[in-house]
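Each chain, letter by letter, is given below.
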Amino acid sequence: MQIYKVGGAVRDRLLGRSVSDIDWLVVGATVDQMQALGYRPVGADFPVFIHPRTGEEYALARTERKSGRGYGGFTFHASPDVTLEEDLIRRDLTINAMAEDELGNLYDPYHGKKDLEQRLLRHVSPAFAEDPLRVLRVARFAARYAPLGFRVADETRELMRRISASGELQALTAERSWKEIERALMEDQPQVFIQVLRDCGALKVLMPEVDALLDKQQSHTLQALEQAAGEQLPLHVRWACLLHELTDLDQAKALNQRFKAPRESQELALLVVECQTLCHGALELSAAELIELLQKFDVYRRPQRLEDFIAACQAQARSRGENQAYPQADYLRGAAAVAKAVDVKGLVEKGLTGQALGEALKEARLTALEAYRQR
Ligand code: CTP
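Predicted model only: the values in this text are computed from it and were never measured. All residue numbers refer to position in the chain's written sequence, counted from 1. Predicted model: local features are reported for residues with pLDDT of at least 70 only, side-chain atom pairs are reported and counted for 80 or more only, and whole-chain, interface and lining totals are derived from all residues. By convention in this description, side-chain values take in all heavy atoms of the structure and omit both hydrogens and water.

On to the overall build of the protein. If you tally the helices and strands in the protein, you get 19 helices and eleven strands. In terms of overall dimensions, the protein is more spread out than a globule: its C-alpha atoms have a radius of gyration of 26 Å, far above the 21 Å expected for 375 residues. The dimensions of the protein, computed from C-alpha atoms along their principal axes, are 80 × 50 × 40 Å. Expressed as a percentage of its 375 residues, the buried residues of the protein come to 50%. For the protein, the accessible area works out to roughly 17900 Å², and carbon and sulfur atoms hold 48% of it. Placing the 49 positive and 55 negative side-chain charges of the protein at their respective mean positions leaves the two points 1 Å apart. Only DSSP runs of H or I reaching four residues or more are called helices, and only runs of E reaching two or more are called strands; each is numbered from the N terminus. Here the globule rule reads 2.2 Å times residues to the power 0.38, and the radius of gyration is calculated from C-alpha atoms. When accessible area is computed with a 1.4 Å probe and restricted to protein chains, residues below 20% of their type maximum are described as buried, those above 50% as exposed, and intermediate ones as partly exposed. Only the protein chains shown count as cover for residues, and all accessible areas are computed by the Shrake-Rupley method using a 1.4 Å probe. Here Asp and Glu are counted as negative and Lys and Arg as positive; His is not counted, and neither are the chain ends. In this description, the location of a charge corresponds to atom NZ of lysine, CZ of arginine, CG of aspartate or CD of glutamate.

Given below as C-alpha coordinates:
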(Lines give C-alpha, C1' and ligand atoms only; values in the text may rest on other atoms or scores of the structure.)
Protein backbone atom coordinates (compact mmCIF):
# COMPACT_ATOMS: atom_id res chain seq x y z
CA MET A 1 0.00 0.00 0.00
CA GLN A 2 1.13 3.57 -0.68
CA ILE A 3 0.14 6.56 1.39
CA TYR A 4 -0.03 10.10 0.02
CA LYS A 5 -0.75 13.51 1.44
CA VAL A 6 -3.51 15.03 -0.73
CA GLY A 7 -5.76 18.01 -1.26
CA GLY A 8 -5.54 21.22 0.71
CA ALA A 9 -2.36 20.31 2.59
CA VAL A 10 -0.36 19.95 -0.63
CA ARG A 11 -1.95 23.04 -2.18
CA ASP A 12 -1.38 25.29 0.80
CA ARG A 13 2.20 24.12 1.33
CA LEU A 14 2.99 25.04 -2.29
CA LEU A 15 1.30 28.41 -1.75
CA GLY A 16 3.40 28.94 1.34
CA ARG A 17 0.31 29.08 3.54
CA SER A 18 -0.03 27.36 6.88
CA VAL A 19 -1.60 23.90 6.76
CA SER A 20 -4.17 23.12 9.42
CA ASP A 21 -5.43 19.62 8.72
CA ILE A 22 -3.91 16.95 6.56
CA ASP A 23 -5.92 14.52 4.42
CA TRP A 24 -4.23 11.24 3.52
CA LEU A 25 -4.97 8.95 0.62
CA VAL A 26 -4.27 5.24 0.74
CA VAL A 27 -3.76 3.39 -2.54
CA GLY A 28 -3.67 -0.39 -2.82
CA ALA A 29 -5.27 -1.31 0.49
CA THR A 30 -8.49 -3.02 1.52
CA VAL A 31 -10.86 -2.14 4.34
CA ASP A 32 -9.75 -5.28 6.20
CA GLN A 33 -6.06 -4.36 5.91
CA MET A 34 -6.75 -0.90 7.30
CA GLN A 35 -8.66 -2.29 10.25
CA ALA A 36 -5.95 -4.86 10.92
CA LEU A 37 -3.48 -1.96 11.18
CA GLY A 38 -5.65 -0.33 13.83
CA TYR A 39 -7.31 2.39 11.71
CA ARG A 40 -10.86 3.10 12.84
CA PRO A 41 -13.56 3.37 10.14
CA VAL A 42 -15.45 6.70 10.16
CA GLY A 43 -18.75 5.20 9.04
CA ALA A 44 -20.09 1.84 7.99
CA ASP A 45 -20.08 2.38 4.24
CA PHE A 46 -17.68 5.24 3.74
CA PRO A 47 -14.07 4.29 2.95
CA VAL A 48 -12.48 6.76 5.38
CA PHE A 49 -10.48 5.84 8.49
CA ILE A 50 -9.00 7.61 11.47
CA HIS A 51 -5.36 7.01 12.31
CA PRO A 52 -5.14 5.33 15.75
CA ARG A 53 -2.50 7.73 17.04
CA THR A 54 -2.66 11.05 15.13
CA GLY A 55 -6.44 11.15 14.62
CA GLU A 56 -5.92 12.25 11.00
CA GLU A 57 -8.17 11.09 8.17
CA TYR A 58 -7.05 8.38 5.78
CA ALA A 59 -9.30 7.71 2.78
CA LEU A 60 -9.04 4.70 0.51
CA ALA A 61 -8.54 5.63 -3.14
CA ARG A 62 -11.96 5.58 -4.75
CA THR A 63 -13.94 6.46 -7.76
CA GLU A 64 -17.34 7.95 -7.36
CA ARG A 65 -20.30 7.33 -9.54
CA LYS A 66 -23.48 9.27 -9.46
CA SER A 67 -26.54 7.21 -8.92
CA GLY A 68 -29.17 9.84 -8.26
CA ARG A 69 -29.95 13.42 -7.45
CA GLY A 70 -28.34 15.31 -4.60
CA TYR A 71 -25.60 14.38 -2.18
CA GLY A 72 -27.37 11.28 -0.94
CA GLY A 73 -27.16 9.91 -4.45
CA PHE A 74 -23.51 8.87 -4.36
CA THR A 75 -22.14 5.41 -4.57
CA PHE A 76 -18.48 4.86 -3.78
CA HIS A 77 -16.24 2.38 -5.41
CA ALA A 78 -13.19 1.85 -3.25
CA SER A 79 -10.88 -1.01 -4.02
CA PRO A 80 -7.14 -1.74 -3.96
CA ASP A 81 -6.98 -1.50 -7.74
CA VAL A 82 -8.11 2.16 -7.91
CA THR A 83 -4.98 4.10 -8.90
CA LEU A 84 -3.78 7.47 -7.64
CA GLU A 85 -4.66 9.09 -10.98
CA GLU A 86 -8.17 7.60 -10.93
CA ASP A 87 -8.77 9.01 -7.48
CA LEU A 88 -7.37 12.45 -8.26
CA ILE A 89 -9.32 12.89 -11.50
CA ARG A 90 -12.65 12.89 -9.65
CA ARG A 91 -11.64 15.75 -7.36
CA ASP A 92 -12.89 19.31 -7.77
CA LEU A 93 -9.99 21.57 -8.79
CA THR A 94 -6.57 20.87 -10.29
CA ILE A 95 -4.96 22.73 -7.38
CA ASN A 96 -6.71 20.28 -5.04
CA ALA A 97 -5.78 17.22 -7.10
CA MET A 98 -2.10 16.94 -6.23
CA ALA A 99 -0.49 14.32 -4.00
CA GLU A 100 2.79 14.01 -2.16
CA ASP A 101 4.46 10.79 -1.00
CA GLU A 102 6.40 10.21 2.18
CA LEU A 103 9.62 11.41 0.53
CA GLY A 104 8.03 14.68 -0.50
CA ASN A 105 7.73 13.77 -4.21
CA LEU A 106 4.90 15.61 -5.90
CA TYR A 107 2.34 13.73 -8.05
CA ASP A 108 0.54 16.19 -10.23
CA PRO A 109 -1.09 14.43 -13.20
CA TYR A 110 -3.58 17.26 -13.85
CA HIS A 111 -1.12 20.18 -13.69
CA GLY A 112 -2.30 21.73 -10.47
CA LYS A 113 1.08 23.31 -9.81
CA LYS A 114 0.96 25.19 -13.10
CA ASP A 115 -2.56 26.41 -12.29
CA LEU A 116 -1.35 27.50 -8.86
CA GLU A 117 1.39 29.51 -10.53
CA GLN A 118 -1.05 30.96 -13.04
CA ARG A 119 -3.53 31.68 -10.24
CA LEU A 120 -6.29 29.66 -11.88
CA LEU A 121 -9.15 27.77 -10.26
CA ARG A 122 -9.77 25.09 -12.88
CA HIS A 123 -11.85 21.92 -12.63
CA VAL A 124 -10.05 18.63 -13.16
CA SER A 125 -12.58 16.81 -15.33
CA PRO A 126 -16.30 16.57 -16.10
CA ALA A 127 -16.59 14.57 -12.84
CA PHE A 128 -16.69 18.02 -11.17
CA ALA A 129 -20.42 18.07 -11.90
CA GLU A 130 -21.02 15.00 -9.72
CA ASP A 131 -21.18 17.22 -6.63
CA PRO A 132 -22.99 20.55 -7.14
CA LEU A 133 -21.62 21.81 -3.81
CA ARG A 134 -18.40 22.35 -5.73
CA VAL A 135 -19.93 25.46 -7.30
CA LEU A 136 -19.94 26.99 -3.82
CA ARG A 137 -16.51 25.60 -3.04
CA VAL A 138 -14.98 27.25 -6.10
CA ALA A 139 -16.57 30.56 -5.14
CA ARG A 140 -15.20 30.13 -1.62
CA PHE A 141 -11.69 29.40 -2.88
CA ALA A 142 -11.98 32.44 -5.17
CA ALA A 143 -12.76 34.55 -2.10
CA ARG A 144 -9.96 33.03 -0.06
CA TYR A 145 -7.29 33.39 -2.72
CA ALA A 146 -8.47 36.67 -4.23
CA PRO A 147 -5.70 38.58 -2.43
CA LEU A 148 -3.21 36.31 -4.23
CA GLY A 149 -4.75 37.15 -7.62
CA PHE A 150 -6.64 33.90 -8.30
CA ARG A 151 -9.57 33.76 -10.72
CA VAL A 152 -11.96 31.13 -11.99
CA ALA A 153 -10.93 29.61 -15.34
CA ASP A 154 -13.38 30.41 -18.15
CA GLU A 155 -14.22 26.76 -18.82
CA THR A 156 -14.89 26.18 -15.12
CA ARG A 157 -17.18 29.20 -14.93
CA GLU A 158 -19.01 27.78 -17.93
CA LEU A 159 -19.42 24.41 -16.21
CA MET A 160 -20.59 26.15 -13.03
CA ARG A 161 -23.13 28.00 -15.16
CA ARG A 162 -24.44 24.75 -16.60
CA ILE A 163 -24.72 23.16 -13.15
CA SER A 164 -26.55 26.24 -11.83
CA ALA A 165 -29.00 26.11 -14.72
CA SER A 166 -29.57 22.37 -14.32
CA GLY A 167 -31.54 22.59 -11.09
CA GLU A 168 -28.92 20.52 -9.20
CA LEU A 169 -28.16 23.30 -6.70
CA GLN A 170 -31.66 23.04 -5.31
CA ALA A 171 -30.92 19.49 -4.28
CA LEU A 172 -28.15 20.57 -1.86
CA THR A 173 -29.06 20.27 1.79
CA ALA A 174 -29.28 23.45 3.89
CA GLU A 175 -26.50 22.14 6.14
CA ARG A 176 -23.95 21.54 3.38
CA SER A 177 -24.70 24.88 1.71
CA TRP A 178 -24.56 26.84 4.97
CA LYS A 179 -21.19 25.30 5.87
CA GLU A 180 -19.74 26.68 2.65
CA ILE A 181 -21.50 30.04 3.04
CA GLU A 182 -20.30 30.37 6.60
CA ARG A 183 -16.70 29.59 5.71
CA ALA A 184 -16.84 31.90 2.69
CA LEU A 185 -18.30 34.79 4.71
CA MET A 186 -15.43 34.45 7.16
CA GLU A 187 -12.79 34.84 4.45
CA ASP A 188 -11.05 38.21 4.04
CA GLN A 189 -12.89 38.97 0.78
CA PRO A 190 -16.36 37.41 1.17
CA GLN A 191 -17.81 39.74 -1.47
CA VAL A 192 -15.81 37.77 -4.06
CA PHE A 193 -17.74 34.63 -3.06
CA ILE A 194 -21.05 36.37 -3.76
CA GLN A 195 -19.77 37.89 -7.00
CA VAL A 196 -18.49 34.56 -8.35
CA LEU A 197 -21.80 32.88 -7.51
CA ARG A 198 -23.58 35.71 -9.28
CA ASP A 199 -21.37 35.49 -12.37
CA CYS A 200 -22.27 31.84 -12.93
CA GLY A 201 -25.97 32.20 -12.19
CA ALA A 202 -25.77 30.27 -8.90
CA LEU A 203 -26.73 33.28 -6.75
CA LYS A 204 -30.00 33.58 -8.63
CA VAL A 205 -30.81 30.03 -7.59
CA LEU A 206 -29.42 30.06 -4.05
CA MET A 207 -30.22 33.63 -2.95
CA PRO A 208 -32.52 35.21 -5.56
CA GLU A 209 -33.37 37.94 -3.03
CA VAL A 210 -29.73 39.06 -2.82
CA ASP A 211 -29.21 38.58 -6.56
CA ALA A 212 -32.07 41.00 -7.23
CA LEU A 213 -30.49 43.58 -4.91
CA LEU A 214 -27.27 43.44 -6.89
CA ASP A 215 -29.17 44.22 -10.08
CA LYS A 216 -29.82 47.69 -8.69
CA GLN A 217 -27.23 50.31 -9.55
CA GLN A 218 -27.28 51.86 -6.11
CA SER A 219 -26.66 48.60 -4.26
CA HIS A 220 -24.12 48.68 -1.43
CA THR A 221 -24.55 45.08 -0.40
CA LEU A 222 -21.11 43.91 -1.52
CA GLN A 223 -19.38 46.98 -0.14
CA ALA A 224 -21.03 46.52 3.25
CA LEU A 225 -19.95 42.89 3.34
CA GLU A 226 -16.41 43.83 2.35
CA GLN A 227 -16.33 46.49 5.04
CA ALA A 228 -17.56 44.04 7.70
CA ALA A 229 -14.80 41.61 6.71
CA GLY A 230 -12.22 44.40 6.71
CA GLU A 231 -13.27 45.18 10.28
CA GLN A 232 -12.98 41.47 11.13
CA LEU A 233 -16.55 41.37 12.37
CA PRO A 234 -18.08 38.00 13.35
CA LEU A 235 -20.18 35.76 11.13
CA HIS A 236 -23.62 36.99 12.24
CA VAL A 237 -22.67 40.63 11.57
CA ARG A 238 -21.42 39.69 8.08
CA TRP A 239 -24.63 37.78 7.37
CA ALA A 240 -26.66 40.80 8.50
CA CYS A 241 -24.60 43.06 6.21
CA LEU A 242 -25.26 40.73 3.28
CA LEU A 243 -29.00 40.95 3.90
CA HIS A 244 -29.21 44.58 5.01
CA GLU A 245 -30.62 46.05 1.80
CA LEU A 246 -33.65 43.77 1.79
CA THR A 247 -36.64 45.90 2.62
CA ASP A 248 -38.93 42.98 3.11
CA LEU A 249 -38.65 41.05 6.37
CA ASP A 250 -40.24 38.01 4.74
CA GLN A 251 -37.37 37.82 2.27
CA ALA A 252 -34.86 37.93 5.09
CA LYS A 253 -36.80 35.21 6.91
CA ALA A 254 -36.87 33.09 3.78
CA LEU A 255 -33.09 33.34 3.39
CA ASN A 256 -32.52 32.58 7.06
CA GLN A 257 -34.66 29.50 6.85
CA ARG A 258 -33.46 28.28 3.48
CA PHE A 259 -29.97 27.78 4.90
CA LYS A 260 -30.99 27.13 8.50
CA ALA A 261 -28.64 29.92 9.54
CA PRO A 262 -27.69 29.84 13.24
CA ARG A 263 -30.09 31.65 15.53
CA GLU A 264 -27.70 34.53 16.24
CA SER A 265 -27.30 35.22 12.50
CA GLN A 266 -31.03 34.93 11.86
CA GLU A 267 -31.93 37.33 14.67
CA LEU A 268 -29.39 39.98 13.80
CA ALA A 269 -30.28 39.98 10.09
CA LEU A 270 -33.94 40.59 10.95
CA LEU A 271 -33.12 43.33 13.45
CA VAL A 272 -30.87 45.08 10.95
CA VAL A 273 -33.44 44.93 8.14
CA GLU A 274 -36.13 46.22 10.48
CA CYS A 275 -34.30 48.83 12.56
CA GLN A 276 -31.23 50.05 10.66
CA THR A 277 -32.90 53.31 9.64
CA LEU A 278 -33.46 54.10 13.32
CA CYS A 279 -29.78 53.50 13.99
CA HIS A 280 -28.64 55.76 11.17
CA GLY A 281 -31.02 58.44 12.41
CA ALA A 282 -30.32 57.83 16.11
CA LEU A 283 -29.29 61.42 16.82
CA GLU A 284 -32.76 62.62 15.87
CA LEU A 285 -34.80 60.02 17.75
CA SER A 286 -37.18 61.10 20.49
CA ALA A 287 -36.76 59.66 24.00
CA ALA A 288 -39.78 57.42 23.41
CA GLU A 289 -38.31 56.09 20.16
CA LEU A 290 -35.00 55.43 21.87
CA ILE A 291 -36.72 53.47 24.63
CA GLU A 292 -38.63 51.44 22.10
CA LEU A 293 -35.46 50.61 20.20
CA LEU A 294 -33.57 49.62 23.33
CA GLN A 295 -36.46 47.49 24.49
CA LYS A 296 -36.69 45.76 21.16
CA PHE A 297 -33.08 44.70 21.58
CA ASP A 298 -33.69 43.64 25.16
CA VAL A 299 -30.58 45.63 25.83
CA TYR A 300 -30.97 45.25 29.60
CA ARG A 301 -30.38 41.51 29.40
CA ARG A 302 -28.57 41.14 26.07
CA PRO A 303 -26.15 44.08 25.68
CA GLN A 304 -24.04 42.31 23.05
CA ARG A 305 -26.92 42.26 20.59
CA LEU A 306 -27.02 46.06 20.46
CA GLU A 307 -23.26 46.09 19.92
CA ASP A 308 -23.57 43.68 16.98
CA PHE A 309 -26.41 45.74 15.52
CA ILE A 310 -24.38 48.92 15.82
CA ALA A 311 -21.38 47.20 14.21
CA ALA A 312 -23.49 46.12 11.21
CA CYS A 313 -25.05 49.57 10.76
CA GLN A 314 -21.69 51.26 11.15
CA ALA A 315 -20.07 48.98 8.55
CA GLN A 316 -22.84 49.85 6.07
CA ALA A 317 -22.51 53.58 6.67
CA ARG A 318 -18.73 53.45 6.35
CA SER A 319 -18.98 51.43 3.13
CA ARG A 320 -21.10 54.25 1.71
CA GLY A 321 -18.33 56.66 2.51
CA GLU A 322 -20.36 58.37 5.22
CA ASN A 323 -18.82 59.80 8.37
CA GLN A 324 -16.27 57.15 9.33
CA ALA A 325 -16.58 58.11 12.98
CA TYR A 326 -20.31 57.22 12.94
CA PRO A 327 -21.35 59.23 16.04
CA GLN A 328 -24.65 57.28 16.15
CA ALA A 329 -22.72 54.35 17.65
CA ASP A 330 -21.59 56.08 20.83
CA TYR A 331 -24.85 57.96 21.05
CA LEU A 332 -26.83 54.70 21.19
CA ARG A 333 -24.36 53.15 23.64
CA GLY A 334 -24.76 56.22 25.82
CA ALA A 335 -28.55 55.98 25.64
CA ALA A 336 -28.41 52.30 26.63
CA ALA A 337 -26.16 53.15 29.59
CA VAL A 338 -28.54 55.89 30.73
CA ALA A 339 -31.60 53.63 30.46
CA LYS A 340 -29.79 50.87 32.32
CA ALA A 341 -28.66 53.18 35.11
CA VAL A 342 -32.26 53.89 36.15
CA ASP A 343 -32.66 52.76 39.74
CA VAL A 344 -34.93 49.70 39.60
CA LYS A 345 -34.16 48.75 43.18
CA GLY A 346 -35.40 52.11 44.46
CA LEU A 347 -38.73 51.60 42.68
CA VAL A 348 -39.09 48.08 44.08
CA GLU A 349 -38.34 49.37 47.56
CA LYS A 350 -41.14 51.84 47.13
CA GLY A 351 -43.37 48.76 46.95
CA LEU A 352 -44.05 48.82 43.21
CA THR A 353 -44.66 45.49 41.48
CA GLY A 354 -45.98 44.08 38.20
CA GLN A 355 -47.47 46.48 35.70
CA ALA A 356 -47.08 49.48 38.01
CA LEU A 357 -43.36 48.77 38.32
CA GLY A 358 -43.05 48.42 34.54
CA GLU A 359 -44.77 51.74 33.96
CA ALA A 360 -42.75 53.58 36.59
CA LEU A 361 -39.57 52.16 35.16
CA LYS A 362 -40.49 53.28 31.68
CA GLU A 363 -41.37 56.74 32.98
CA ALA A 364 -38.05 57.04 34.81
CA ARG A 365 -36.13 55.90 31.73
CA LEU A 366 -38.03 58.37 29.58
CA THR A 367 -37.09 61.23 31.90
CA ALA A 368 -33.46 60.12 31.97
CA LEU A 369 -33.34 59.87 28.17
CA GLU A 370 -35.00 63.28 27.76
CA ALA A 371 -32.15 64.70 29.82
CA TYR A 372 -29.61 62.68 27.82
CA ARG A 373 -30.93 64.15 24.57
CA GLN A 374 -30.56 67.72 25.89
CA ARG A 375 -26.86 67.26 26.71
N1 CTP B 1 -12.94 17.43 -2.47
C2 CTP B 1 -13.61 17.42 -3.68
N3 CTP B 1 -14.93 17.78 -3.73
C4 CTP B 1 -15.60 18.13 -2.62
C5 CTP B 1 -14.94 18.17 -1.38
C6 CTP B 1 -13.59 17.80 -1.33
O7 CTP B 1 -13.01 17.11 -4.71
N8 CTP B 1 -16.88 18.46 -2.69
C9 CTP B 1 -11.53 16.99 -2.43
C10 CTP B 1 -10.52 18.04 -2.85
O11 CTP B 1 -9.45 17.36 -3.46
C12 CTP B 1 -10.06 18.65 -1.54
C13 CTP B 1 -10.08 17.41 -0.63
O14 CTP B 1 -11.18 16.63 -1.10
O15 CTP B 1 -8.79 19.22 -1.61
C16 CTP B 1 -10.25 17.74 0.85
O17 CTP B 1 -11.45 18.45 1.04
P18 CTP B 1 -11.65 19.50 2.21
O19 CTP B 1 -10.92 19.06 3.42
O20 CTP B 1 -13.09 19.81 2.27
O21 CTP B 1 -11.01 20.82 1.61
P22 CTP B 1 -9.55 21.35 1.45
O23 CTP B 1 -9.18 21.31 -0.01
O24 CTP B 1 -8.59 20.69 2.38
O25 CTP B 1 -9.72 22.88 1.72
P26 CTP B 1 -9.88 23.70 3.06
O27 CTP B 1 -8.56 24.37 3.22
O28 CTP B 1 -10.95 24.66 2.70
O29 CTP B 1 -10.26 22.76 4.16
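Once that is clear, we can look at the nonpolar core. Among buried residues, those of type Ala, Val, Leu, Ile, Met, Phe, Trp, Tyr and Cys that are joined through side-chain atoms within 4.5 Å constitute a nonpolar core. Judged by nonpolar contacts, the single largest core of 54 residues is most densely connected at M207 and W239. Working rule for contacts: check all heavy atoms of both residues, and any pair within 4.5 Å makes them a contact. Not counting residues within four places of it along the chain, the set of residues in contact with W239 comprises W178, I181, L185, M207, L255, N256, F259, A261, S265, Q266 and A269.

For strand β4 (residues 46–50), a buried count of four out of five residues is recorded, marking the element as mostly surrounded by other parts of the structure. Strand pairing follows a simple DSSP-based rule, namely that at least 2 bridges must link the two strands. Both β4 and strand β5 (residues 57–60) contribute to a ladder of three bridges, which runs antiparallel. Bridge pairing in β5 links V48 to A59.

A word on the site of the ligand. Consider each residue's heavy atoms; a residue with any of them within 4 Å of a molecule or strand counts as near. Near the ligand you find 14 residues, and of these D92, R134, R140, R144 and R183 are the closest. At 3.0 Å from an oxygen atom of the ligand is found a main-chain nitrogen or oxygen belonging to N96. Think of a polar contact as two N or O atoms within 3.5 Å of one another; within protein, one of them needs to be a possible hydrogen donor and the other a possible acceptor, and neighboring residues in sequence only count if both atoms come from side chains. In this structure, an oxygen atom belonging to the ligand sits 2.9 Å away from a side-chain N or O atom of R140. The fraction of the free accessible surface of the ligand (570 Å²) that becomes covered by protein chains is 78%. Top element by residues in the shell around the ligand is helix α5 (residues 133–145). It accounts for five residues.

Moving on: the packing of aromatic side chains. Two aromatic rings from Phe, Tyr or Trp, using only the six-membered ring of Trp, form a pair when their centres are within 6.5 Å; if the ring planes differ by under 30 degrees the pair is stacked, by over 60 it is edge-to-face, and anything between is tilted. The tally for this structure, following the rule as stated, stands at eight aromatic pairs. Centre to centre, the rings of Y4 and Y107 are 5.3 Å apart; their planes meet at 80 degrees, and the pair counts as edge-to-face. Remark: Y107 occurs in strand β9 (residues 106–107) and Y4 occurs in strand β1 (residues 2–6); sequence separation between them is 103 residues. A relative accessible area of 9% places Y4 in the buried class. Seen from their ring centres, Y145 and F150 are 5.3 Å apart, and the 45 degrees between their planes marks the pair as tilted. This pair shows no difference in class: Y145 is buried, exactly as F150 is. Here the aromatic cluster, defined as three or more aromatic residues joined through ring pairs, consists of W24, Y39 and Y58. The positively charged end of R140 is found above the aromatic ring belonging to F141, 4.9 Å away from the centroid. We call a charge positioned above a ring when the Lys NZ or Arg CZ atom is no farther than 6 Å from the ring centre and deviates by at most 35 degrees from the ring normal. A cation over an aromatic ring shows up here: R365 above the ring of Y300, its NZ or CZ 3.8 Å from the ring centre.

Right, let's talk about the sheet that holds strand β2 (residues 23–27) for a bit. Across the sheet, seven strands lie side by side as β3-β4-β5-β2-β1-β8-β9; this open sheet has mixed pairing. With one partner strand each, in any of the chains shown, β3 (40–43) and β9 form the two edges of the open sheet. Across two bridges, the pairing between β1 and strand β8 (residues 99–100) is antiparallel. Looking at β8, one finds that V6 is bridged to A99.

Our next topic: the environment of V342. Position of V342 among the secondary structure elements: in the loop between α17 (327–340) and α18 (344–349). Through-space distance from the C-alpha of V342 to that of H236 is 31 Å; in sequence the pair is 106 residues apart. Here V342 is in contact with L361, A364, R365 and A368, once residues within four sequence places are set aside.

UniProt positions are given in the numbering used here, feature names are shortened, and annotations may be inferred rather than shown by experiment. In the numbering adopted here, UniProt assigns the feature "binding site: ATP" (unreviewed entry) to G8, R11, R91, R137 and R140. For R11, a relative accessible area of 5% gives the class buried. With residues near it in sequence (within four places) discarded, R11 still touches I95, N96, M98, L116, F141, R144 and Y145. Among the secondary structure elements, R137 is positioned in helix α5. Assessed through its relative accessible area of 24%, R137 is described here as partly exposed. Contact partners of R137, with chain neighbours within four places excluded, come to D92, N96 and E180.

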